[in-house]
Each structure stands twice: as structure tokens, then as C-alpha cells.
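Chain by chain, the residues:
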Amino acid sequence: SKYFLLSENGETVGGFYIWRSKTDAHEFYNSDCLAHLKNIFGVMPEITYFRSPLAIHNVHDADIKKSPKSYVEPIPGVYITS
């Protein structure tokens, strides 16, 4: 999954991917990929790795405050990059 980010003033953009492993993330962010991103945006991307210990899924777009139709999924080994 990828989520795009845009600061309120529009001066900072980014995104984050959800990876099954840190190895997968490192393989994606190889030197060719980084050079391509620098070519597009004019700056070398800053990559930060985060570990995500769990995810909360909101089933069928249910309102979490009003409905118990959400569940928590432990996701050991999943990394997020931004």
C-alpha cells in the first residue's frame, strides 16, 4: 500500500509504503530508484524506516466510534517507509 502526503502549506510532499519486510523496502529503494526520484523532484529523498506493530482495520467503512466492526491485526515484521 502507498499513502501520499501533502503538508498544509503545500511545500512538503511525501508518502509512505507498507512493506512485509525491511529487506523488501531496501530492495525497492535501490540506487536506481533513488536517482529516479531525485531526477523527478530535484532533491534526494529522505527515507525513514518505522516498524508498525499492528494495524486497525475498519471493516466496510464502519464508523469505529459507533460500530464494533473493526479489528486489530498484529503485523510483526511489517515496516513503513516515508
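Basis of the calculations
- Each chain has its residues counted from 1, following the order in which its sequence is written.
- Per-residue local features of the predicted model are confined to residues with pLDDT of at least 70, and side-chain atom pairs are confined, for both listing and counting, to 80 or more; whole-chain, interface and lining totals are unaffected and use all residues.
- Water and hydrogen atoms play no part in the side-chain values, which are based on all heavy atoms of the structure.
- A pair of strands counts as paired when DSSP detects no fewer than two bridges linking them.
- For the purposes of this entry, the term helix denotes a DSSP run of H or I that reaches at least four residues, the term strand denotes a run of E that reaches at least two, and both are numbered from the N terminus.
- Any two of the Phe, Tyr and Trp rings considered here, Trp counted by its six-membered ring, make a pair once their centres fall within 6.5 Å; the pair's planes then place it as stacked at under 30 degrees, edge-to-face at over 60, or tilted in between.
- The buried label goes to any residue with under 20% of its type's maximum accessible area, the exposed label to any with over 50%, and the partly exposed label to all in between, with areas taken from a 1.4 Å probe on protein chains only.
- Sitting over a ring, as applied to charges here, requires NZ of Lys or CZ of Arg to be within 6 Å of the ring centre and within 35 degrees of the ring normal.

(A) The arrangement of the pairing of strand β2 (residues 13-19) in detail. Across five bridges, the pairing between strand β1 (residues 2-6) and β2 is antiparallel. Bridging from a neighbouring strand, K2 pairs with Y17 of β2.

(B) Structural detail: the packing of aromatic side chains. On inspection of all chains with the given rule, the structure shows seven aromatic pairs. Both rings, one in Y17 and one in Y29, keep their centres 6.5 Å apart while their planes meet at 75°; by these two values the pair is edge-to-face. Within this pair, whereas Y17 is found in strand β2, its partner Y29 is found in the loop between α1 (22-28) and α2 (31-41), the two being separated by 12 residues in sequence. Taking the relative accessible area as the measure of exposure, Y17 reaches 22% and is therefore partly exposed. Ring geometry for F28 and Y29: centres 5.1 Å apart, planes at 85°, overall edge-to-face. In this structure F28 comes out as partly exposed when scored by relative accessible area, which is 34%. Here the aromatic cluster, defined as three or more aromatic residues joined through ring pairs, consists of Y17, W19, F28 and Y29. Over the aromatic face of Y49 sits the side chain of K22, whose NZ or CZ is 5.2 Å from the ring centroid.

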